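Inside the fold
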Amino acid sequence: MKKLLVTIIKFLKKENYVKYLILFLILFLGFSLFFLLAGDDVANNVFGTVVGFLFSTILLYILKIVSSKFEDVLKVSCDTKKILKIYDGDKEYRKTLRLNNTSVDFAYALRYIHDETYKLKVIDDSKKEFQLDDFIVENYSTIMHAHRNSTVINGKTIRLDNFIKDDKNKECLFYLSRSTNFNHLVTNRAIDANIFDTFSLRDIYEYGPTISNLEDSKMSNHIGINALVFLNDGNILVPRRKKNSTISKNKITSSIAVKLNFPKDGRDSIDENHLFYQNVIDSLNDRLKLKKSDINTNDIDLKFLGFGQSLYEAGKPQFYFVITLKNIDTFKYYQLNLDKTIVQKLDADRCVYVADYNSFKVINNKLQFKIIKNNLKQSTIHSEYEMSYLCNLWHYEENKKIN
């Protein structure tokens, strides 16, 4: 009984739309029962008071529910025109994705398009830990409140401290350290949340006209991993996030959209093989729930496309890949028994579409595409997208031009 009460109290202390919906229903049912059982005199005497209380309470709950729907845009702006106006010091920040005679502009600080003549080298300092700036520490609780309608879990993350492209020695050097997911939530992931009046962290730390260099950034900047996963018939897997994700609620994302995770063997160190190969391979199971028995690494074509910094998330580094599952087509994919033991604790997906990549179009700031259902019939989807998904698609299209 005590555990039940503790669970109920914790739930009531949360700030999310589910709580407000439940409380609204309880109030409505409670007052309905009262008027049903009370005598006419009692009901008439308290009617006005109850109606006023009920109306104000319902209005308050409706406002909280509505505000939760806009949480993402309040903490991270996806307004491309606004972002490009802030960061107008580099004209190369404006990128255009073209799909089937349609196009969309987005903001992206490209750092590197992979050239296979360059050697990729990781310099990892697992003992170095990112420290939040004093101002962020002082306003920690206020900033974290921006995520009140999201599922938040802390944990160690892998930060990109610096990147050097050494043209003389044909090397790309990636310098890594450590941070935490909570550090991410109070920096990159809440860059536009108002702290006081109309001021945000972007106004204080990343006000333009260019984004800070990685080595100078005050953001947590953990490495994000995005990969497009194609089946051997050219169709692409497109996840759609749940409504309680920390960002991109109910939007479509790259087939794999995760942070760089630690090796599964328990090592704390990161090497080139893990960053540019094994972590992505592991995510086929962790993110897409493909069983390892159905994934033959000899039948997987994986390419690193490049990386850059998200201007929307104040310079967060994103690494982009493309994967082709050479032994799985659409029919076989639907015959697979996905790994139901996998539980996505953070930024979970509500479903995964099998989509016809050749049908992709951008219409009214949404992606439109045809999906192939498990009965092989088709239907059309219109959906908002995660901004990093556009970057992944752009890298893929650029790679096709090169090759």
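Refer to the structure printed above.
Everything numeric here is computed off the predicted structure, so don't read it as measured data.

1. Details of helix α12 (residues 387–402)
In this model α12 runs 23 Å from its N-terminal to its C-terminal C-alpha over 16 residues, within 8% of the 22 Å that 1.5 Å per residue would give. Within α12, 13 of the 16 residues are buried, leaving the element largely enclosed by the surrounding structure.

2. A few points about the nonpolar core
Core analysis: the biggest nonpolar cluster contains 56 residues, and F106, I236, V238, F360, L367, F369 and Y389 have the highest contact counts within it. Broken down by element, this core gets its largest block of residues, seven residues, from α12. When residues no more than four places from it in sequence are discounted, the contact partners of I236 are L228, V229, F230, S255, Y353, V354, A355, Y357, F360 and Y389. One finds C172, F174, L260 and I323 within the second-largest nonpolar core, a separate group that totals 41 residues.

3. Details of the pairing of strand β7 (residues 224–231)
Burial of β7 is extensive: eight of the eight residues sit out of reach of the surface. Of the two faces of β7, both are covered, the one formed by G224, N226, L228 and F230 as well as the one formed by I225, A227, V229 and L231. One ladder, built from eight bridges, connects β7 with strand β11 (residues 316–325); its direction is parallel. Bridge pairing in β11 links N226 to Y320. One ladder, built from four bridges, connects β7 with strand β9 (residues 256–259); its direction is antiparallel. Residue pairing for β9: A227 is matched across the bridge by I256.

4. Some points on the sheet that holds strand β4 (residues 119–129)
The sheet built from three strands is open, its strands ordered β4-β6-β5 with mixed pairing. Two strands in the sheet have a free side with no partner beyond their single neighbour: β4 and β5 (156–166). Sheet twist, expressed as the average angle between the axes of neighbouring strands with direction ignored, equals 25°. The sheet contact formed by β5 and strand β6 (residues 171–180) spans ten bridges and is antiparallel. Each bridged residue has a counterpart across the sheet, and for K165 the counterpart in β6 is C172. Here helix α10 (residues 272–286) sits on the sheet in contact with β4 and β6, set at roughly 105° to β4.

5. Re the pattern of salt bridges
All told, the structure shown has twelve salt bridges when counted by the stated rule. Across the salt bridge formed by K128 and D161, the nearest N and O atoms sit 3.1 Å from each other. In this pair, K128 sits in strand β4 while D161 sits in strand β5, placing the two residues 33 residues apart along the sequence. On the accessibility criterion, K128 (44% relative accessible area) is partly exposed. When the shortest N-O distance is used, the salt bridge between E398 and K401 registers 3.0 Å. Of this pair, E398 and K401 both sit in helix α12, separated by three residues, roughly a single helical turn.

6. Brief notes about α10
Helical geometry: 3.6 residues make up each α-helical turn, so side chains three or four residues apart lie on a common side. In this model α10 runs 20 Å from its N-terminal to its C-terminal C-alpha over 15 residues, within 8% of the 21 Å that 1.5 Å per residue would give. Its axis deflected by about 45° at Q278, α10 carries its strongest bend there. Among the residues of α10, H274, L275, F276, N279, V280, I281, D282, S283, L284 and N285 are the ones counted as buried. Buried residues belonging to α10 abut β4, β6, β7, β9, β10 (300–310) and β11. The opening residue of α10, the one whose side-chain oxygen lies 3.4 Å from the backbone nitrogen of N273, is D271.

7. Description of the pairing of strand β15 (residues 378–383)
Of the strand pairs in this sheet, strand β14 (residues 366–372) and β15 are connected by six bridges, and their pairing is antiparallel. Of the residues in β15, the one forming a bridge with Q368 is H382. Linking β14 to β15, which pair antiparallel, is a turn of five residues; within it L376 sits at a positive phi near 70°.

How each quantity is defined
Residues numbered from 1 in each chain as written. Predicted model: local features only at pLDDT ≥ 70, side-chain atom pairs only at ≥ 80, totals over all residues. Heavy atoms only, no water. Helix = DSSP H or I, 4+ residues; strand = E, 2+ residues; numbered from the N terminus. Expected span 1.5 Å × (residues − 1). Buried < 20%, exposed > 50% of the residue type's maximum accessible area, 1.4 Å probe, protein only. Core = buried A, V, L, I, M, F, W, Y, C linked by side-chain atoms within 4.5 Å. Contact = heavy atoms within 4.5 Å. Pairing = 2+ DSSP bridges. Axes fitted to C-alpha atoms, helices over the stretch in contact; angles between N-to-C directions. Salt bridge = Lys/Arg side-chain N within 4 Å of Asp/Glu carboxyl O. Bend = angle between axes of the 7 residues up to and from the residue. Polar contact = N/O pair within 3.5 Å; in protein donor to acceptor, adjacent residues only side chain to side chain.

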